[in-house]
Amino acid sequence: QGLWMSSDINSTTPTFLNVNNYPFRQPERVFFNPGNANEIWVASFGNGMKMGILGANSIVDFSSEDEWAVYPNPSNGIISIQSSFTISTIEIINVIVEKIYSESVNGKMANISIEAPTGVYFIKVNTEKGISTRKLIVR
C-alpha cells in the first residue's frame, strides 16, 4: 500500500505516515546511502530503484528523480546527461563508493566518456537547484 515511515520508531507506540510522493505502491527494500544519510534508496518490484531526499520533519522527497536523464543505459562508456536545471558537477561512483570520474559542468546537457570495467555505477548530478541525485547505470 505504498511507502510508510516513522520518525519515532523507538517509541512504545510509533506513528507511521504514508510517503505521498513515492511513485509506486509496492516498495521491496529501503536503504540509506552510506555516504549521505539523507538519501534514501527504495527498490520496488517492477519499478527499479528510486532515490529520495530526507528533509525536515522526516519528510521524504522523491520528486527530484525525474529532473534529469542519463542515456543510453546500459552504456558502452559514452554517456549523455540532460537536465531541466543547470548542471554544476557530475560524478560517477562505483558500488564500493569510490569516485571514478568527476567533471564540472555549466549547462543543461553533458556528454562524457569513461573508461571503466563492466559493472554497476552511480551517477551523481548536482544541479543549480542544489539537488544531488543518483541513478543506476550498467555498463
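Let me begin by describing the structure that accompanies this report. Note that the structure is predicted; figures quoted are calculated from it, not measured.

The subject of this paragraph is the nonpolar core. Counting residues in each nonpolar core, the largest one holds 16 residues, and the members touching the most others are Ile-79, Ile-81, Ile-90, Ile-92, Ile-112 and Ile-123. Breaking this core down by element, the ones donating at least two residues are β7 (68–71), β8 (78–94), β9 (99–113) and β10 (120–127). Sorting elements by how many residues they give to this core places β8 first, with five residues. Here Ile-112 is in contact with Gly-77, Ile-78, Ile-79, Ile-81, Ile-90, Ile-92, Tyr-101 and Glu-103, once residues within four sequence places are set aside. One finds Leu-3, Tyr-22, Val-42 and Phe-62 within the second-largest nonpolar core, a separate group that totals seven residues.

So, about the packing of aromatic side chains. Any pair of aromatic rings gets described here by the distance separating the centres and the angle formed by the planes. Per the counting criterion, the structure on display carries one aromatic pair. With a centroid separation of 5.2 Å and 20° between ring planes, the pair formed by Trp-41 and Phe-122 is classed as stacked. With Trp-41 in strand β4 (residues 36–44) and Phe-122 in strand β10, this pair connects stretches of sequence that are 81 residues apart. Exposure class is identical for Trp-41 and Phe-122. Each is buried.

Below, the discussion takes up the pairing of β9. As paired strands, β8 and β9 are joined by 11 bridges and run antiparallel to one another. Note that in β9 the partner of Glu-91 across the bridge is Ser-102. Hairpin connection, β8 to β9: the antiparallel pair is bridged by four residues, and Val-97 has positive phi, about 60°.

Turning next to unusual backbone geometry. Across residues other than glycine, the phi torsion is negative in most instances, and most of the peptide bonds are trans. The phi angle at Val-97 is positive, at roughly 60°, despite the residue not being glycine. Mapping Val-97 onto the fold places it in the loop between β8 and β9.

The next subject is a nonpolar patch on the surface. Taken together, the side chains of Trp-4, Ile-9 and Phe-16 make up a nonpolar region of the molecular surface, amounting to roughly 330 Å² of accessible area. Here Phe-16 lies in the loop between β1 (4–5) and β2 (17–18).

Glancing now at the side chain of Ser-80. By the element assignment, Ser-80 lies in strand β8. For Ser-80, the side chain forms a polar contact with the side chain of Asn-111, separated by 2.6 Å. Discounting residues that sit within four places of it in the chain, Ser-80 has contacts with Ala-69, Val-70, Tyr-71, Ala-110 and Asn-111.

Next up on the list: the sheet that holds strand β5 (residues 48–54). What the four strands build is an open sheet, ordered β3-β4-β5-β6; its pairing is antiparallel. The open sheet is flanked by β3 (27–33) and β6 (60–61), the only strands paired with a single partner. Direction of pairing for β4 relative to β5: antiparallel, over a ladder of six bridges. The partner of Trp-41 across the bridge, within β5, is Met-51.

Basis of the calculations
Residues numbered from 1 in each chain as written. Predicted model: local features only at pLDDT ≥ 70, side-chain atom pairs only at ≥ 80, totals over all residues. Heavy atoms only, no water. Core = buried A, V, L, I, M, F, W, Y, C linked by side-chain atoms within 4.5 Å. Buried < 20%, exposed > 50% of the residue type's maximum accessible area, 1.4 Å probe, protein only. Helix = DSSP H or I, 4+ residues; strand = E, 2+ residues; numbered from the N terminus. Contact = heavy atoms within 4.5 Å. Phe/Tyr/Trp six-rings, centres within 6.5 Å; stacked < 30°, edge-to-face > 60°. Pairing = 2+ DSSP bridges. Patch = residues over 30% accessible without salt bridge, like charges linked within 9 Å, V, L, I, M, F, W, Y side chains within 5 Å. Areas by Shrake-Rupley, 256 points an atom, 1.4 Å probe, with all protein chains shown as cover. Salt bridge = Lys/Arg side-chain N within 4 Å of Asp/Glu carboxyl O. Polar contact = N/O pair within 3.5 Å; in protein donor to acceptor, adjacent residues only side chain to side chain.

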